[in-house]
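Residues per chain, in single letters:
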Amino acid sequence: MTTQLIKVRGIMENFDDFVRAGNLLKNGEVVAIPTETVYGLAASAFSPDAVGKIFKAKGRPQDNPLIVHISDFDDLAKITEEVPESAVKLAENFWPGPLTMILKKNEKIPLEVTAGLSTVAVRFPSHKYARAVIEAAGVPLAAPSANLSGKPSPTSAQHVMRDLAGKIPMIIDGGECEVGLESTVIDLTGEKPMLLRPGAVTLSELCRVLGDILVNPKISEEVDDGEMVASPGMKYKHYSPEAPVVIIDGEADAFVRYVMANSEGKKAAVLCFDEEKELFSDTGISAVSYGSKSNPETLAHGLFSALRTLDEMSPDIIYAREPELSDGMELAVVNRLGRAAAFNRISV
Ligand code: TXA
Ligand code: MG
C-alpha cells in the first residue's frame, strides 16, 4: 500500500483532502491525524473491522484499549451510559484539549475499542485538523498514538511515516504537535476520580476543579509481570529506544563526570537539558537536548523527538536527565522518561 502524505495549509485550502480522509474513514480505513498532543491513528469507533486495522498496523497488543475522539461535547452522552457531574466540570474547564476521561461505555461502542472493558476513554481534541477529520468522517474516531507499538509517540508526520509508511493509506500532515506528550487520562468510574496518566492538563489543575483526586501509583513505578493495572497501557514497555536508558540525578558537573567515567568501551549518548549540552562539546559523546531545565513545557515538547533522534544514533546506552517534580508538566515528563528507562535511576 502506498501512504499518501497530505501537507495541510488550511481547512479551506485542503478541503478536498479532508473530504477524502472522511470518506476513507467512512469506508472502514485508517488515517493518521495530527492532534495537539501527538499524532493519532484513527478509525471509526463504531466499526470493529476498522478498529482491527489500527491494532494490526501498530502491532498493538489486543488487550490495550483505544481512546475515542469526539468533536462536540454532546457526543459524549451518545457513547456513554451516563455523564457524571465531574465530567461536565472537567469538560467546561479543559475541553477541547489534552484531557481524556474514562466513563462507562454504552452499547454503541464495540468491545474491540475498549479491549473488552465496560468503560471507554473519551477525548475532545482542540486541534482544528483533528476536529475537521472527525467531522468529515461523521463518527467518533478511535485513535491511539500513531507509532509502532513500543516506539515513542509521533510528534510529527515524519515520525508517523517512519513507523507506518506502506501500512496505512493516508497521513494528514499538520506540522509539529504543540504539546508533544499524550493526553492526561483520568478515570471517573470509581468512587473518587483517579489520575491514570499525567499530561498537559496537570494534577494541580485537575484538583482545582474536582477537589481531591487519587493518583495511580503506577505513574511513577514499574509494573510487575502479571500485575493487575487500572490502565492496560501501563503494562507495556513504552517510549523506548533500542538502547537502555538510565536516568542520572545530581548536579550537572557530577552528571558529566559520571558519564565520562561510565562510557569507556561503549558508545554512550546523552539526553540532557539545553543548559547542559555544551558541557559535552569536547568529550566525543553525542548529547541531544530536549528543552530547558526551567521550562517543563519545552521538555514535554522535545522528549519523544529527542528519543527518536537518539535511537537513530544507535548508542549502546543513553544517560538521561529528568526535571525535578513540581506542580506543572514535570510529572508527565518524569513519567514518560521513567517508562523509557524502566524507572532505572542513579544518584550521583
Ligand atoms: O493524546 C492522546 O491521548 C493520544 C492522541 C492521539 O489523542 N492518544 C493516545 O492513545 O495516547 P494511546 O492508545 O497511545 O494511549 C491510550 C491510553 C493507554 O494507556 C490505554 O491503556 C488507556 O489510555 N486506556 C484506554 N481506554 C481505557 C480504559 N477504558 N480504561 C483504562 N485505560 C484506558
Ligand atoms: Mg500510545
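Just so it is clear, the structure is predicted and the values come from calculations on it, not from any experiment.

A. Looking closely at the site of ligand 1. Around ligand 1, a shell composed of 24 residues is seen, among which Thr37, Asn64, His69, Ser183 and Gly233 lie nearest. One nitrogen or oxygen atom from the side chain of Arg123 is found 3.1 Å from an oxygen atom belonging to ligand 1. The contact in question runs from an oxygen atom of ligand 1 to an N or O atom on the side chain of Ser145, over 3.0 Å. If ligand 1 stood free it would expose 680 Å²; the protein chains cover 96% of that surface. For the shell around ligand 1, the elements supplying multiple residues, two or more each, are strand 4 (67-69) and strand 6 (119-123). A total of three residues in the shell around ligand 1 trace back to one element, the largest contributor, which is strand 6. Residue composition of the shell around ligand 1, by class: 11 nonpolar, nine polar and four charged.

B. A look at the sheet that holds strand 5 (residues 99-104). Taken together, the 11 strands give an open sheet; going across it, the order is 1-8-2-3-7-4-6-5-9-10-11, and neighbouring strands pair in mixed fashion. Each edge of the open sheet is held by one strand with a lone partner, namely strand 1 (4-7) and strand 11 (214-215). For strand 1 and strand 8 (residues 170-173), the ladder comprises four bridges, and the chain directions are parallel. Bridge pairing in strand 8 links Gln4 to Met170. Packing of helix 2 (residues 48-58) onto the sheet brings it into contact with strand 3 (40-44) and strand 7 (141-142), and relative to strand 3 it is tilted by some 155°. Sheet strands touched by helix 7 (residues 157-164): strand 1, strand 2 (31-33), strand 3 and strand 8. Its angle to strand 8, the strand with the most contacts, is close to 165°.

Reading guide: rules and limits
Residues numbered from 1 in each chain as written. Chains lettered and ligands numbered in written order. Predicted model: local features only at pLDDT ≥ 70, side-chain atom pairs only at ≥ 80, totals over all residues. Heavy atoms only, no water. Near = heavy atom within 4 Å. Polar contact = N/O pair within 3.5 Å; in protein donor to acceptor, adjacent residues only side chain to side chain. Areas by Shrake-Rupley, 256 points an atom, 1.4 Å probe, with all protein chains shown as cover. Helix = DSSP H or I, 4+ residues; strand = E, 2+ residues; numbered from the N terminus. Nonpolar A, V, L, I, M, F, W, Y, C, P; charged D, E, K, R; others polar. Pairing = 2+ DSSP bridges. Contact = heavy atoms within 4.5 Å. Axes fitted to C-alpha atoms, helices over the stretch in contact; angles between N-to-C directions.

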